[in-house]
Amino acid sequence: MNLSEYLSEADTIEREGSTALQSAADADALEAARIAFLGDRQGRVKGLQEALRGISKEDKPAAGKRFNEARTRLEALHAERKSAIERATTSGVQDDPSLPARRQWRGAKHPVTLVIEEIEGIFRELGFTIAQGPEAETEWYNFGALNFPSNHPALDAHDTLYLEGQGLLRTHTSPVQVRTLQKYEPPIRVLIPGNVYRRDFFDASHAPAFAQIEGLCVDEGISFVDLKSTLNRFAERFFGASRTRFRPSFFPFTEPSAEMDVQCGICGGSGCAACKGTGWIEILGSGMVHPNVLEAAGIDSERYTGWAFGMGPARIAISRYGIPDIRVLYDSDVRFLEQIAE
Ligand code: DAH
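Residues numbered from 1 in each chain as written. Predicted model: local features only at pLDDT ≥ 70, side-chain atom pairs only at ≥ 80, totals over all residues. Heavy atoms only, no water.

Student: Sorry, what's going on with the overall build of the chain here?
Tutor: The helix and strand inventory of the chain stands at 11 helices and nine strands. For the chain, whose C-alpha radius of gyration is 38 Å, the value lies well above the compact-globule estimate of 20 Å for 342 residues. Projected onto the principal axes, the alpha-carbon positions of the chain cover approximately 115 × 50 × 35 Å. Burial status across the chain gives 39% buried among its 342 residues. Taking the intrachain contacts of the chain between residues at least 6 apart in sequence as the baseline, contacts between residues at least 24 apart amount to 66%. Total accessible area on the chain is roughly 19400 Å²; 50% of this is exposed by carbon and sulfur atoms. Taking the average location of the 38 positive side-chain charges in the chain and that of its 48 negative ones, the two points are 6 Å from each other. (Helix = DSSP H or I, 4+ residues; strand = E, 2+ residues; numbered from the N terminus. Rg over C-alpha atoms; globule rule 2.2 N^0.38 Å. Buried < 20%, exposed > 50% of the residue type's maximum accessible area, 1.4 Å probe, protein only. Contact = heavy atoms within 4.5 Å. Areas by Shrake-Rupley, 256 points an atom, 1.4 Å probe, with all protein chains shown as cover. Lys, Arg positive; Asp, Glu negative; His and termini not counted. Charge placed at Lys NZ, Arg CZ, Asp CG, Glu CD.)

Student: Hey, could you run me through the pattern of salt bridges in this one?
Tutor: If charged atoms from side chains of opposite charge come close, those side chains can pair. Taken as a whole and judged by the stated rule, the model has 17 salt bridges. For Arg247, the salt bridge is made with Asp261, and the minimal N-O distance between the two is 2.8 Å. Taken together, the residues span a long stretch of sequence, with Arg247 in strand S6 (residues 244–251) and Asp261 in strand S7 (residues 254–263) at a distance of 14 residues. Note on Arg247: relative accessible area 27%, which makes it partly exposed. Look at Asp261 and you get buried, because its relative accessible area is 2%. Put simply, Asp11, Glu14, Lys65, Arg66, Glu69 and Arg73 are held in one network by salt bridges that share partners. (Salt bridge = Lys/Arg side-chain N within 4 Å of Asp/Glu carboxyl O.)

Student: Would you take a moment to explain the nonpolar core for this structure?
Tutor: It is characteristic of soluble globular proteins that their nonpolar side chains tend to be buried jointly. By size, the foremost hydrophobic cluster in this structure holds 42 residues, and its most contacted members are Ile119, Phe123, Trp307 and Met311. Only helix H5 (111–125), strand S5 (209–219), helix H8 (224–239), S7, strand S8 (280–289), strand S9 (305–311), helix H10 (313–321) and helix H11 (334–340) provide two or more residues apiece to this core. Considering every element that reaches this core, the biggest residue donor is H5, with seven residues. Among residues more than four places away in sequence, those in contact with Phe123 are Phe128, Leu191, Thr230, Leu231, Phe234, Phe309 and Met311. (Core = buried A, V, L, I, M, F, W, Y, C linked by side-chain atoms within 4.5 Å.)

Student: Any chance you could explain the state of the cysteines here in plain terms?
Tutor: Covalent bonding between the sulfur atoms of two cysteines is what defines a disulfide. For the structure shown, the criterion picks out zero disulfides. Cys264 carries a free sulfur, and the closest cysteine sulfur to it, the one in Cys267, is 3.7 Å from it. Residue classification places Cys264 among the buried positions, given a relative accessible area of 2%. The cysteine Cys275 is free of any disulfide, with Cys267 supplying the nearest cysteine sulfur at 3.7 Å. Among the residues examined, Cys275 registers a relative accessible area of 4% and is labelled buried. (Disulfide = S-S within 2.5 Å.)

Student: Just to check I follow, could you spell out the pairing of strand S4 (residues 188–197) for this structure?
Tutor: For S4, a buried count of eight out of 10 residues is recorded, marking the element as mostly surrounded by other parts of the structure. Looking at chain direction, S4 and S5 are connected through 10 bridges and run antiparallel. Looking at S5, one finds that Ile188 is bridged to Val218. (Pairing = 2+ DSSP bridges.)

Student: Explain the packing of helix H2 (residues 27–38) against helix H3 (residues 44–51) to me, please; I cannot follow it from the model alone.
Tutor: Axis angle and axis distance: for two packed helices, these are the angle between their axes and the distance between the axes, and together they describe the pair. Following both chains from N to C, one finds H2 and H3 inclined at 10 degrees, their axes separated by 4 Å at the closest point. In terms of orientation, H2 lies roughly parallel with respect to H3. In contact with Ala36, Phe37 and Leu38 of H2, H3 contributes Arg44, Val45 and Lys46. A breakdown of the residues in the contact of H2 with H3 according to their chemical character gives four nonpolar, no polar and two charged. (Axes fitted to C-alpha atoms, helices over the stretch in contact; angles between N-to-C directions. Parallel < 35°, antiparallel > 145°, perpendicular 65-115°, else oblique. Nonpolar A, V, L, I, M, F, W, Y, C, P; charged D, E, K, R; others polar.)

Pasting the structure below:
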């Protein structure tokens, strides 16, 4: 075979191969065309390669170049047709316009965040603004200004995480009451969400770091009636028509102090596992702000009175969503978030 015969044979194979590959209607036809032209044993491209041997030395570079071109082109056409056939085979499903749109996972808010945001919304409607304070606090803001005696057990290093040098991680959001009272003139109505830290073991019902929401209202003529009616309104909005009850309690920074329970939404008050048989769920601590706290913050306690509360949104999330173990709130497992996402 001389060079011109070789080149024309290459043209023919390339032309016929292109037609066969491009017109293959399905995967079987394409495979048959591949074997005929690109097959290792009897493919025509293979034959063209073997024919190179009969080409004279000086013509070999030109013939070899043409051979490579023809082979590369047919291989590319094969790959192209193959993916087109594969696409056509599955597109009957993907392109069905009557199928509902696919919902994509876009993340979800954490249940504790959902609870905090809902509570913020309710208190905003009641005229409260949102305030925040530092998580690294001084002993004075965390305890002293809040009327804790210096020998109170909460100050003990067994319960509180002290920072090196000085200061501590706040054990509650109540110090932000003092910071707010120092900064603003009454009337004050603030809601204070934030994280707090305690030296607790991490078990099914305790965590060493958790969220709290503090509330504070200070003005002239504020009484326990304001505390009760505001918190009852909150409970009505958040828990539905459930009844509430106030039980006498003690906190150094309030006098008198009360704990508020809501009737268990699961059993309706008859007693079940969720409320440990009592029919009630404890949701917050509250009370009239102690005059010593007002005075420590520089507020005239003869002129002004106030009430405050503190609650744990994780506990509320647990009872609302029926979460059996608080540790799942810290696991960052998106499958859990997806179950609760709204
Ligand atoms: N600081 C309290 C705690 O961490 C909760 C609390 C109780 C806050 C009564 C208040 C309150 O503002 O009036 O247990």
